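Listed below are the residues making up each chain.
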Amino acid sequence: MDEARPRRAQEEGPERGPPPFSATVGAFTGEVLFGGSADPAALQARFGFSDTSSLVPLADLAVAFGGSMIHNKPIPDVPGSKVSFKAENVSVGTDKVKALHLGASGVPQAKALADQLGLSLDAWVYPAEGTLAAVVGADASKVGLVKAAANSEATIAALPPALAASLRAGEVGFVTHVPLDGLQSPALLKLLDGALASLPGYSSSTARSALNVLAPLSSTTMWISEHQNAGVIHFAVQTIGNTTDEEGKAALAAAASPDPAKAFGDLAAKYPSSPRIAAYQTRAGQGGAGALVGGSAPALLLAAGGMAAFLRPTIDAPTAVAEVPAEEKKVEEKKVEEKKVEEKKTETPKTETPKTETPKTETPKTETPKTETPKTDETPKTETPKTGGLKIDSSKAEPRVPPKRVGRSE
């Protein structure tokens, strides 16, 4: 029986899993949206499904598996806090859907988050409008007001013209659009001053100067389109204005104005039907905290990362200064110890003994006449003729004189 089960599962194939799971996977369209909502203020992620009926039991299943471990438990290191993890009914238009709710209470920073950004400590997951929605920052009275689809024509009009044309032609498979107008919002500057004023080294004027560098930029966009069965990656950067028409020139002038909030407020009133009206209103501070979160959530992340990198050396500086005396003492002690060790090392005559100067290598072993004495040359057999045991020195021999004859002559 144990061997029959894997055989049966193999015959059925991986696509034939549990019916609810198979229906959910088959209904996923591949559409994914990450963005924000201005009214109400919230962050949301949407996953497209052609049929959301298989997603209805999701909340109850999640609570059954993890509710006992999370519900009514405190947040670590936050005294008096409590986490809520349960299934609740949410009104979306005229429909009521079951949603998984993760919330928190007893957190001191909750009020400041609501006042400055319009967000609450709530997260929801529920099926609605042909999507599986994950909404963060809206409470029970507002979560049903967060919409998946906005005015598509107004959205397309605010995008780069090349992207707008490709969207209408159905050629785009992926879009990342990051509005940067929120970096110039008075609400962001107020948020930075309130959150970072107590940090050493923070200056409101310095923060404004850093953000003003990006004042002419309105958005950056990246998208992927298909051309002749090949993917093409596009990048585009839009400025807040241009030099081709009066509105564009006025927008560039407002970005460089000493009071940009007032200048963009006047610009929004003068051009209420402009495709850039949302950017004008964000820079003018209109719409409250919700406009900042809804239209500039990615910009907030960029600002947070940039300010953290900018302030990090300043924040770390006091700690380093306070520890300098103790470190100097340790360094001096180490230097003294190193000097002692070096003195001991240099005083030892072991390294100074001229071992290489010993005459062992200088002995002319090769000059010994062992190999150089030609034995064949010194043998007296060929050079010294023997005559009765006497050696004849031819150089001392006297010339031969013929003997005189004695006798008579006739």
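Owing to the predicted nature of the structure, the values given are computational and were not obtained by experimental measurement.

Scanning the chain from terminus to terminus reveals 15 helices and 9 strands. Here the chain holds 410 residues, and 25% of them are scored as buried. Here the analysis covers contacts within the chain between residues at least 6 apart in sequence; of these, 52% occur between residues at least 24 apart.

Look at helix 7 (residues 186-196) against helix 8 (residues 204-212): their axes get within 10 Å of each other, and the N-to-C directions meet at 140 degrees. Where helix 7 crosses over helix 8, the handedness of that crossing is right-handed. Counted together, Leu189, Leu192 and Asp193 of helix 7 and Ser204, Arg208 and Leu211 of helix 8 form the full contact between these two elements. For the contact of helix 7 with helix 8, the per-class residue count stands at 3 nonpolar, 1 polar and 2 charged.

In this structure, proline 40 follows aspartate 39 across a cis peptide bond, with omega equal to 5 degrees. Locating proline 40 in the fold gives a position in the loop between strand 1 (28-37) and strand 2 (42-49). Its identity as a non-glycine residue notwithstanding, asparagine 72 has a phi of 65 degrees, on the positive side. Among the structural elements, asparagine 72 can be located in the loop between helix 3 (58-70) and strand 3 (82-92). Even without being glycine, glutamate 129 reaches a positive phi, approximately 55 degrees.

Glancing now at the pattern of salt bridges. Counted according to the given criterion, the structure contains 9 salt bridges. We note a salt bridge from arginine 283 to aspartate 181, for which the minimum N-O separation is 2.9 Å. Of this pair, arginine 283 sits in helix 11 (residues 277-284) while aspartate 181 sits in the loop between strand 7 (172-179) and helix 7, and the two are 102 residues apart along the sequence. Like aspartate 181, arginine 283 is buried.

Pairing is antiparallel in the open sheet, where 3 strands are placed in the order 7-8-9. For this open sheet the edge positions go to strand 7 and strand 9 (230-239), each flanked by a neighbour on one side alone. Averaged over all pairs of adjacent strands, the angle between their axes in this sheet comes to 10 degrees, without regard to strand direction. Here 7 bridges tie strand 7 to strand 8 (residues 217-227), and the two strands are oriented antiparallel to one another. Note on strand 8: the bridge partner recorded for valine 172 is serine 225. Of the strands in this sheet, strand 7, strand 8 and strand 9 touch helix 6 (residues 161-168), which is tilted by about 145 degrees from strand 7.

Once that is clear, we can look at the pairing of strand 9. By the bridge criterion, 10 bridges tie strand 8 to strand 9 in an arrangement that is antiparallel. Looking at the pairing, leucine 217 lines up with threonine 239 of strand 9. In sequence, strand 8 turns back onto strand 9 through a hairpin of 2 residues, with glutamine 228 there showing a positive phi of about 55 degrees.

The topology assignment puts serine 274 in the loop between helix 10 (260-270) and helix 11. At a separation of 3.1 Å, a polar atom in the side chain of serine 274 contacts the main-chain amide nitrogen of arginine 276. Aside from chain neighbours lying at most four places away, what touches serine 274 is Glu247 and Tyr280.

What follows covers the nonpolar core. Ranked by internal contacts, the top residues of the largest apolar core, which has 16 residues, are Leu117, Leu119, Leu183, Leu188, Leu192, Tyr202 and Leu211. Mapped onto this core, the elements with two or more residues apiece are helix 7, helix 8 and helix 12 (288-322). Sorting elements by how many residues they give to this core places helix 7 first, with 5 residues. Grouped together as the second largest cluster of nonpolar side chains are 13 residues, Val92, Val97, Ala128 and Val135 included.

Moving on: the sheet that holds strand 4 (residues 95-105). Strand order in the open sheet formed by 6 strands is 1-2-6-5-4-3, and the pairing between neighbours is antiparallel. Every interior strand has two partners, whereas the edge strands, strand 1 and strand 3, have only one. Taking each pair of neighbouring strands and ignoring which way they run, the sheet shows an average axis angle of 15 degrees. Strands in contact with helix 3 are strand 3, strand 4, strand 5 (122-128) and strand 6 (131-136); relative to strand 3, the strand with the most contacts, it is inclined by about 165 degrees.

A few words now on the confidence of the model for the chain. Per-residue confidence for the chain gives a mean pLDDT of 76, with 66% of residues at or over 70. A low-confidence stretch, residues 1-17 (pLDDT under 50), is modelled with 3 contacts involving residues beyond four sequence positions or located in other chains. Contacts from residues 317-324, a stretch scored under 50 in pLDDT, to residues over four places away or in other chains number 1 contact.

Moving on to the environment of leucine 55. By the element assignment, leucine 55 lies in the loop between strand 2 and helix 3. Among the residues examined, leucine 55 registers a relative accessible area of 7% and is labelled buried. When neighbours within four sequence positions are excluded, leucine 55 is seen to be in contact with Thr24, Phe49, Pro127 and Leu132.

Along the chain, valine 178 turns up in strand 7. Separated by 43 residues in the primary sequence, valine 178 and threonine 221 place their C-alpha atoms 6.2 Å from one another.

Cut-offs and rules
- Residues numbered from 1 in each chain as written.
- Predicted model: local features only at pLDDT ≥ 70, side-chain atom pairs only at ≥ 80, totals over all residues.
- Heavy atoms only, no water.
- Helix = DSSP H or I, 4+ residues; strand = E, 2+ residues; numbered from the N terminus.
- Buried < 20%, exposed > 50% of the residue type's maximum accessible area, 1.4 Å probe, protein only.
- Contact = heavy atoms within 4.5 Å.
- Axes fitted to C-alpha atoms, helices over the stretch in contact; angles between N-to-C directions.
- Left-handed = near helix turned anticlockwise from the far one by under 90°.
- Nonpolar A, V, L, I, M, F, W, Y, C, P; charged D, E, K, R; others polar.
- Salt bridge = Lys/Arg side-chain N within 4 Å of Asp/Glu carboxyl O.
- Pairing = 2+ DSSP bridges.
- Polar contact = N/O pair within 3.5 Å; in protein donor to acceptor, adjacent residues only side chain to side chain.
- Core = buried A, V, L, I, M, F, W, Y, C linked by side-chain atoms within 4.5 Å.
- pLDDT = per-residue confidence, 0-100.

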